[in-house]
Structure formats: C-alpha cells, structure tokens
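Working through the structure, step by step
Each chain is listed here by its residues.
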Amino acid sequence: MRILSLALTAAVLATGVSAQTLDRIKANNEIRFGFRTDAAPLSYVNDQNRPDGYSPRVCDRIAQAIANRLKLSELNVQFLPVEPNNRFDKVASGEIDLLCGAATITLSRREKVDFSIPTYVDGTAVLLPRAADTGLASLAGKKVGMRSATTTEEAVTNSFAAAGIEAEMVRFASHPAGIKALAAGEIDAYFADQSILLANYIAAGLTDGFKMSQEILTIEKHGLALAKGDDEFQLLVDGVLSQMYADGTMEEIFRAALPGVEPGDALKALFVLAPTLP
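What comes next concerns the included structure. Nothing here was measured: the structure is a model prediction, and the numbers come from that model.

1. Some remarks on the state of the cysteines
- For the structure on display, the rule yields 1 disulfide.
- With a sulfur-sulfur separation of 1.9 Å, C59 is cross-linked through a disulfide to C100. The sign of the S-S torsion, about -95°, decides the handedness of the disulfide formed by C59 and C100: left-handed. Placement of the pair is C59 in helix α2 (residues 54-69) and C100 in the loop between β7 (98-99) and β8 (113-115), with a sequence separation of 41 residues. Grouping residues by exposure puts C59 and C100 together as buried.

Spelled out as structure tokens, the structure:
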C-alpha cells in the first residue's frame, strides 16, 4: 500500500461506465473524497500531513477501480477534510463524491445521503482511570466527555437516560481534546468508538493509568456516504468493495491500518458476508 497523498494519480485501463457522479469525475478527471482528520485509526492526518487510516486506504483502492472503469489515463484524487457537523451536507451538495471517514450508517442520515455496503463494525466504549468501576452507574453525578455531532453523543445520552443516571455531559470539538481533558482530571470518563479510543489513548501515553471498557453501548456499522439516488455510482462502489472482501483486500487493509489489532467477531463476519459477486 503506497502512502496516500492529497493529490493522487492512478494510471489504469478498462471498460466504461456512466452516471451523474461518474460523468462529473470523467469530465473533470478528478474524484473528491471527504475524510475525518481526527478519527484515528479509521481516518486521520498522519505525521507527513497526509490523509491516512482504514477508510482512506479503502477509498484509494476504489479510486483505482473507478479510473479503470472510466478508461482514465490519470485521475486526480483529492482528499478533503470534513467535520462531523458538515460531512453529510458536503456529500448531499456534491462538494465531495464519497465520504471516507468513520461514519455510522443510520436511518436519519439516510434521509440525506446513501451509504455503501458496510465497510467496518465498531461500538461505543468508555475510557476511564484504571481504578474506576466500568459500570454506567458509577458515573452518576460525574463529568463524562464525548465528541460532539457524532452517534456516540446520541448513544451516551440515550443510555444514561434509559438507565435513569444523571451525569454532566461535556462535548469536545476533537477526540484528542477529550482525551487530554481526561488525563488532566477535568472529566471522569470519555466515550468514543472502540477503535478511536484505542488509537488515541495509546498515542497519548495513557495505557498505564487508564483502561478501556470491553463492554460496548452500541454495535455500529460504518459505510461510505454518497449522494442519494446515484444508483450506478453506488453499485460501482459496492461492487469494488465486494471484490475487495472476496479477495482479502479488506482484511489486508485492516491489518495495515491497525497493526497488531485483531479484528473483532463482527468485523470478521463482514469479511465473509459481503454481497456475492456475479
């Protein structure tokens, strides 16, 4: 896997396809991917200031396949940063062609955009001091943090409400900011997807003093978001992903993006349950 860049060129040959997004890609010789800059290891900016992570690596392969299908001798691939509160609007408006971040497939989001077949399975977990109890009840009356404008925010508030537990909810603009607040004792726990917690608390050097719960509040299927109603583009993306599942590329990308981490049972199931190829 080569290192991704903000402007990536792919040289390839093959058969042609057409659709509204594909027509624009062919006319402009350009595809625009949206990506999260702070959702490591799924989507982030690496030390070389380049997009990296599981989802951008998957989209890199999709770009090569699209260039193949459209018979483009070169394809300029733009990775454009997005925020949790504007990423789906950018897809719906056509500002980006495909969202390659950490995006959970939900019915409310599908009112605005369509999604590819699932590309990842994650779940909301909590990071807290090593000596703390991991049960939700132990957080009653305490400060708990989460990234704003995410499914984690909704999952945490709903879980606490359902359990009748009152706590002070503290929203952060980025995961590193939330982890930093936890390390400084400004909050008592921080919630996020398991994969994001793992990457951030290891990067922050908190493994000795803090722990991540093994229990999860949710099981969340991630997908690549695209404009509603563009069936041919969606079918092409789903076909490429299905081929990547079938030939082992998705598992290969997982192990490259999360070295030393073993995929969970739900993700292993995805590796074998992708749509059957013709």
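2. Comments concerning the layout of surface pockets
- Of the volumes computed, that of the second largest pocket is approximately 180 Å³.
- Every residue along the wall of the second largest pocket is listed here: P84, N85, N86, R87, F88, D89, S108, R109, K112 and A149.
- Residues belonging to the lining of the second largest pocket are distributed by class as follows: 3 nonpolar, 3 polar and 4 charged.

3. A closer look at the environment of V121
- With respect to the secondary-structure elements, V121 resides in strand β9 (residues 120-122).
- Looking at V121, the relative accessible area reads 15%, which means it is buried.
- With 148 residues separating them in the primary sequence, V121 and A269 have C-alpha atoms 9.6 Å apart.

4. Description of the nonpolar core
- Grouped together as the largest cluster of nonpolar side chains are 59 residues, with contacts concentrated most on Y54 and L98.
- The element best represented in this core is α2, accounting for 8 residues.
- In contact with Y54, not counting residues within four places along its chain, are P41, L42, T119, Y120, M250, I253, F254, A257 and L258.
- By size, the runner-up hydrophobic cluster in this structure holds 10 residues, among which are L139, V156, I165 and A189.

5. Digging into the side chain of D122
- Locating D122 in the fold gives a position in strand β9.
- Of the side chains bearing the opposite charge, R36 lies closest to the buried D122, which forms no salt bridge; the N-O distance is 10 Å.
- Other than its neighbours up to four places away in sequence, D122 contacts L42, D193, Q194, S195, T218, I219, E220 and H222.

6. Examining the pattern of salt bridges
- Summed over all chains, the structure comprises 12 salt bridges.
- With a closest N to O distance of 2.6 Å, D97 and R24 form a salt bridge. Highlighted residues: D97 in the loop between α3 (87-93) and β7 and R24 in helix α1 (residues 20-28), separated in sequence by 73 residues.
- Linked by salt bridges that have partners in common, R36, D38, E83 and R147 make up one network.

7. Structural notes on the pairing of strand β13 (residues 189-193)
- Burial runs high along β13: 5 of the 5 residues are buried.
- Relative to β13, strand β10 (residues 124-129) runs antiparallel, the two sharing 4 bridges. Within β13, the residue paired with V126 across the bridge is F191.
- With 2 bridges joining them, strand β11 (residues 143-147) and β13 adopt parallel strand pairing. Residue pairing in the sheet places V144 in a bridge with A189 of β13.

Each value, and the rule that gives it
- Residues numbered from 1 in each chain as written.
- Predicted model: local features only at pLDDT ≥ 70, side-chain atom pairs only at ≥ 80, totals over all residues.
- Heavy atoms only, no water.
- Disulfide = S-S within 2.5 Å.
- Helix = DSSP H or I, 4+ residues; strand = E, 2+ residues; numbered from the N terminus.
- Buried < 20%, exposed > 50% of the residue type's maximum accessible area, 1.4 Å probe, protein only.
- 1 Å grid on protein atoms, 1.4 Å probe; cavity = no way out; pocket = protein on both sides within 12 Å on 5 of 7 lines; lining within 4 Å.
- Points joined across faces, edges and corners; volume = space filled by probe spheres on them.
- Nonpolar A, V, L, I, M, F, W, Y, C, P; charged D, E, K, R; others polar.
- Core = buried A, V, L, I, M, F, W, Y, C linked by side-chain atoms within 4.5 Å.
- Contact = heavy atoms within 4.5 Å.
- Lys, Arg positive; Asp, Glu negative; His and termini not counted.
- Salt bridge = Lys/Arg side-chain N within 4 Å of Asp/Glu carboxyl O.
- Pairing = 2+ DSSP bridges.

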